[in-house]
Amino acid sequence: MPQPDPSSPAGVLPQPMLETAQAARREFLGALEPLRGELFRYCRRLTGNVWDAEDLAQETLARAFTRAAQTHQPVERPMAWLVRIATNAYLDQVRRPALLLVEPSERAAPPVTDPVEVRDALAEVTTLLAPQERAAVVLKDVFDLPLKEIAAMLSTTEGAVKAALHRGRGRLADPERATALARRAAPDRDTLDAVAKAFTAYDLNGLTRLFVEDAVSDVIGMAHEVGRAQIAAGSLHHTLHLEASVRWRAEVRELDGDPLILMWATLTDGDGTEAVEDILRAETAGGGITRLLWYYFCPDVLAEVGDRLGVPYRTHGHVL
């Protein structure tokens, strides 16, 4: 069978159709805007860190948009609807082949001794708890949902939820839990320093050369670019040449041991006060950037990172 040619005119999606889809997405996200903060907070507690929380929130909204297009009944309690989608998206990402909620028991789980300790420990549970155990702990100990509702969200029984809570709480309270934690490989600091230097110098060519040929750039929630040339002509050109209202200065800082690039902005028509308006995270290999993530349209991320680092910041909402 002959294979389709993706470069042929038949392989091009009509621009009016794309514009219609973009307009529908903007309208959908606008309707959910009042719930975005609460959705992020749920994802933050479920995933345990700010970056995975934003990823999960974005995945939830993408799934919700598709789900809405397939729904023929009114969506009641939209926050509960989003929580269910977020929970399923999270479990899909980290689900293990074997069934996780085992050994169901009708024995009530012992109450947690310190709710604050549980909430603080959520930053560690990525490697400490099985996915469904983590979801059960967050939904019960943070959001205080009924066991019946949690069981429905996790497609299991109330007894299994009780057992998962018992095991999960026990692991979070284990004084040896630190030995079970693992950290992802950090990006190359020299590469990030070079990126920050090139941004501050407005050196588009030098900045472009720091990307590998097939790199990816994600302006979270707004744009996806593939390849060095597309990135240079898109997000980099926009930041360095079209953003005339601000002057950018980039600086590498660390949060939880991982280097980030803070994008400090000074308004060209203001009083010269600097504030962080964007945060960049990079993945690197062989001294080059393989992926760059921009958090300009992620106000919850900017707020948490700004507060934790003790730096001034300005947010601009989730959309243009």
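The preceding data block contains the structure.
To start, this report covers the structure provided alongside it.

1. Concerning the overall build of the protein chain
- Of regular secondary structure, the protein chain possesses 13 helices and six strands.
- Relative to its full complement of 320 residues, the protein chain shows a buried share of 43%.
- Restricting to contacts in the protein chain with at least 6 residues of sequence separation, those with at least 24 account for 61%.
- Split by element, the accessible area of the protein chain, about 16700 Å² in all, is 54% carbon and sulfur.

2. Things to note about helix α13 (residues 299-309)
- All buried positions along α13 are accounted for by P299, V301, L302, E304, V305, G306 and L309.
- Close packing links the buried residues of α13 with α2 (36-47), α3 (50-69), β3 (246-255), β4 (258-267) and β5 (274-285).
- Positioned one or two residues after α13, G310 has a phi angle of 70 degrees, which is positive.

3. Quick word on the environment of I279
- Structurally, I279 can be placed in strand β5.
- A C-alpha to C-alpha distance of 8.7 Å links I279 and V305, two positions 26 residues apart in sequence.
- Excluding its chain neighbours within four sequence positions, the residues that come into contact with I279 are W51, L260, I261, L262, L293, W294, Y295, V301, L302 and V305.

Rules used in this analysis
Residues numbered from 1 in each chain as written. Predicted model: local features only at pLDDT ≥ 70, side-chain atom pairs only at ≥ 80, totals over all residues. Heavy atoms only, no water. Helix = DSSP H or I, 4+ residues; strand = E, 2+ residues; numbered from the N terminus. Buried < 20%, exposed > 50% of the residue type's maximum accessible area, 1.4 Å probe, protein only. Contact = heavy atoms within 4.5 Å. Areas by Shrake-Rupley, 256 points an atom, 1.4 Å probe, with all protein chains shown as cover.

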